[in-house]
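The residues making up each chain are set out below.
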Amino acid sequence: MPKRIETVVLHDSSTPVLGDIQKAGNVVVTSIDTLLNQARANSLWPLTFGLACCAIEMMATVASRFDLARFGSEAFRATPRQADVMIIAGRLSKKMAPVLRQIYDQMPEPKWVISMGACASSGGVYNNYAIVQGADQVVPVDVYVPGCPPSPDALIYAVLKLQDKIKKTKFNKIIEITPRNVANEMPVEVLA
Amino acid sequence: MSVSLWKHVAKPILSGFGITARRLGAKKVTVQYPEERREQFPRTRWRHFLTRYDSGLEKCIGCSLCAGACPARCINVVSAENTDSERYSPGERYATRYEINMIRCIFCGYCQDACPTGAIVLRKNFELADYKREDFIYTKEMLLESFPGEADAPWVGKYEVAKK
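Residues numbered from 1 in each chain as written. Chains lettered and ligands numbered in written order. Predicted model: local features only at pLDDT ≥ 70, side-chain atom pairs only at ≥ 80, totals over all residues. Heavy atoms only, no water.

Trainee: Describe in detail the overall build of chain A, supporting the description with residues and values.
Mentor: Scanning chain A from terminus to terminus reveals 6 helices and 4 strands. Overall, chain A shows an N-to-C arrangement of helices and strands of α-β-α-β-α-β-α-β-α-α. Looking at chain A alone, contacts between residues at least 24 apart form 78% of all its contacts between residues at least 6 apart. Carbon and sulfur atoms make up 59% of the accessible area of chain A, which totals about 9000 Å². (Helix = DSSP H or I, 4+ residues; strand = E, 2+ residues; numbered from the N terminus. Contact = heavy atoms within 4.5 Å. Areas by Shrake-Rupley, 256 points an atom, 1.4 Å probe, with all protein chains shown as cover.)

Trainee: I'd love a proper account of helix α1 (residues 5-24) of chain B, names of residues and values included.
Mentor: End to end, α1 of chain B covers 27 Å across 20 residues, agreeing with the expected 28 Å (1.5 Å per residue, within 8%). Largest kink in α1 of chain B: about 35 degrees, centred on lysine 11 of chain B, with the proline proline 12 of chain B one to four residues after it. (Expected span 1.5 Å × (residues − 1). Bend = angle between axes of the 7 residues up to and from the residue.)

Trainee: Could you give me a rundown of helix α5 (residues 152-168) of chain A, with the residues and numbers involved?
Mentor: Residue pairs spaced three or four apart in an α-helix point in one direction, given the helix's 3.6 residues per turn. Taking 1.5 Å as the rise per residue, α5 of chain A with 17 residues should run 24 Å; its terminal C-alpha atoms sit 24 Å apart, in good agreement. Most of α5 of chain A sits inside the fold, with 14 of its 17 residues counted as buried. (Buried < 20%, exposed > 50% of the residue type's maximum accessible area, 1.4 Å probe, protein only.)

Trainee: Tell me about the nonpolar core, and please be specific about residues and values.
Mentor: Generally speaking, soluble globular proteins have nonpolar side chains that are buried together. Grouped together as the largest cluster of nonpolar side chains are 76 residues, with contacts concentrated most on Met86, Ile88 and Ile114 of chain A together with Ile75, Tyr98 and Ile100 of chain B. When residues in this core are grouped by element, the largest group, 9 residues, is from α5 of chain A. The contact partners of methionine 86 of chain A, leaving out residues within four places of it in the chain, are Leu47, Phe49, Leu100, Ile103, Tyr104, Met107, Trp112, Val113 and Ile114 of chain A. (Core = buried A, V, L, I, M, F, W, Y, C linked by side-chain atoms within 4.5 Å.)

Trainee: Before we move on, can you summarise the sheet that holds strand β2 (residues 85-89) of chain A with the specific residues and values?
Mentor: All names here are of chain A. One open sheet holds the 4 strands; their spatial order is β1-β2-β3-β4, and the pairing between them is parallel. Every other strand in the sheet has two partners, leaving β1 (46-47) and β4 (143-145) as the edge strands with one partner each. In terms of strand pairing, β2 meets strand β3 (residues 112-116) through 5 bridges, oriented parallel. Paired with isoleucine 88 across the two strands is serine 115, which belongs to β3. Packed onto the sheet, helix α2 (residues 54-62) meets β2 and β3 and runs at close to 135 degrees relative to β2. Contacting β2, β3 and β4, α5 crosses the sheet at an angle of about 155 degrees to β3. (Pairing = 2+ DSSP bridges. Axes fitted to C-alpha atoms, helices over the stretch in contact; angles between N-to-C directions.)

Trainee: Any chance you could break down the environment of methionine 102 of chain B for me, citing the residues and the numbers?
Mentor: Its place among the elements puts methionine 102 of chain B in the loop between β3 (93-101) and α3 (110-114). Looking at methionine 102 of chain B, the relative accessible area reads 0%, which means it is buried. Through-space distance from the C-alpha of methionine 102 of chain B to that of proline 34 of chain B is 22 Å; in sequence the pair is 68 residues apart. In this view, methionine 102 of chain B contacts Pro146 of chain A together with Arg47, His48, Phe107, Phe136 and Tyr138 of chain B; residues no more than four positions away in its chain are not counted.

Take a look at the structure:
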């Protein structure tokens, strides 16, 4: 049986980080793991979720100079049903938080979240009543990107980090890790 | 209304392909990021460093002016007195703790401007993304350069390290 490290961090993502699960040999599905992870990591379709100025850098990342299409992430989807990764680009206000949560819930599994910029990750300079102090209070975040705003290079680096993470996940272990834990989910009504 | 096959169909298509043909030989604008980086501007502000004097002593004197200037309030400085047996900086005081919350920092460079000794500098390493929130509290050990001049040495990205 895989040994699971018991310390659960509330704001950590539901997908395990490398090291969360200790390696257990699995002969049957190990190639399927690799295949699925390669397929998932190399076609990450982001959800268009630009909230503020970080969205401009997000758009620049897709444009020809930086060209996110080199990593299979060029198809920005306007509907959460077709998206794999949500790039929260910009400050998340408390009015927007329930919307963000709903859109996150509408995304099909497996799904990942990149928190782009200081404001989305921690509130940044906006330490006030209107801004959620970190998007991880609303949705589980996989990769945080510092910067105000992060340059397209930094966002591409975050996408690469996310790909590394996806490539290291074990498919058959995710099932036992991600049952909907009601206690860990934040009731979004409280924010509204 | 008649549609001229030449004027309305073939000619626009050909002129469109003409633009494509003209651009074929042009220089590619895409920066192949993980393999090669674009040239950063000289005063690019990204990762922080705490610098040292050539003697190896820390420049930081623990005055907390950077923390005061920080608009995001992301710097925490705890200072203590230098003694003759334990001397970290040339001044009276030094920083026992120096922490920057990298995830809250907006890289404005006000700390760099406020620093009276030029201890804290912002350099070009933008590869700061990480998985866990806890890892973004950069402690003094992470910020302090291991030898004088390390902050000014050309930065090599993580993927370039892996390549070599």
